[in-house]
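Here is how the chains run, residue by residue.
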Amino acid sequence: MNGWERTSTSHGGFVVRKSEDPVDMIILNSRCTHLGCTVNWKGDAQAFVCPCHDGKFGADGKVLGGPPPRPLDRFTDFRVTQDGILEIFYKAA
Ligand code: FES
């Protein structure tokens, strides 16, 4: 992925586990809340970084810097099946 491809119709995200409990997690939309580029996790910065205008978000999705006006959106409607499969439900925009 790079900051120049069209991402307005893409649906990607990151699963962030909060504890050892398999359902204790947050699921972040990978779409930057500034202008919609796809963010990527940068381990050295411990942040999701947007390649377009250097927006930065913490592991919880909160804005750490740059122009994004709000945290990364979250997918809140999900479940883990008995087989351990994560199912995420969302409405395409
Ligand atoms: S689109 Fe992400 S900082 Fe501008």
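Residues numbered from 1 in each chain as written. Predicted model: local features only at pLDDT ≥ 70, side-chain atom pairs only at ≥ 80, totals over all residues. Heavy atoms only, no water.

Caption draft 1: Summary view of the packing of aromatic side chains. Following the criterion strictly, the structure yields 3 aromatic pairs and no others. Plain terms: the ring middles of W41 and F48 are 4.8 Å apart, the flat faces sit at 65 degrees to each other, and that makes the pair edge-to-face. With relative accessibility at 35%, the residue W41 sits in the partly exposed group. For F48, a relative accessible area of 3% translates into the label buried. (Phe/Tyr/Trp six-rings, centres within 6.5 Å; stacked < 30°, edge-to-face > 60°. Buried < 20%, exposed > 50% of the residue type's maximum accessible area, 1.4 Å probe, protein only.)

Caption draft 2: Layout of the pairing of strand β2 (residues 25-29). Of all 5 residues making up β2, 5 are buried, and the element is well covered by its neighbours. Side chains M25, I27 and N29 of β2 all project onto a buried face; the interleaved residues I26 and L28 project onto the opposite face, where all are buried too. (Helix = DSSP H or I, 4+ residues; strand = E, 2+ residues; numbered from the N terminus.)

Caption draft 3: Looking closely at the sheet that holds strand β4 (residues 47-49). Read from one edge to the other, the open sheet built from 4 strands follows the order β3-β4-β5-β6, with strand pairing classed as antiparallel. Both outer strands of the open sheet, β3 (40-42) and β6 (63-65), are each paired with one neighbouring strand and no more. Of the pairings in the sheet, the one linking strand β5 (residues 56-57) to β6 comprises 2 bridges and is antiparallel in character. From the neighbouring strand, F57 faces β6, where its bridge partner is V63. (Pairing = 2+ DSSP bridges.)

Caption draft 4: Summary view of the state of the cysteines. Considering all chains together, one arrives at 1 disulfide under this definition. Residue pairing for C37: its cysteine sulfur links by disulfide to C52, the two sulfurs lying 1.9 Å apart. Torsion about the S-S bond of the C37 and C52 cystine: about -95 degrees, corresponding to left-handed handedness. Taken together, the residues span a long stretch of sequence, with C37 in the loop between β2 and β3 and C52 in the loop between β4 and β5 at a distance of 15 residues. (Disulfide = S-S within 2.5 Å.)

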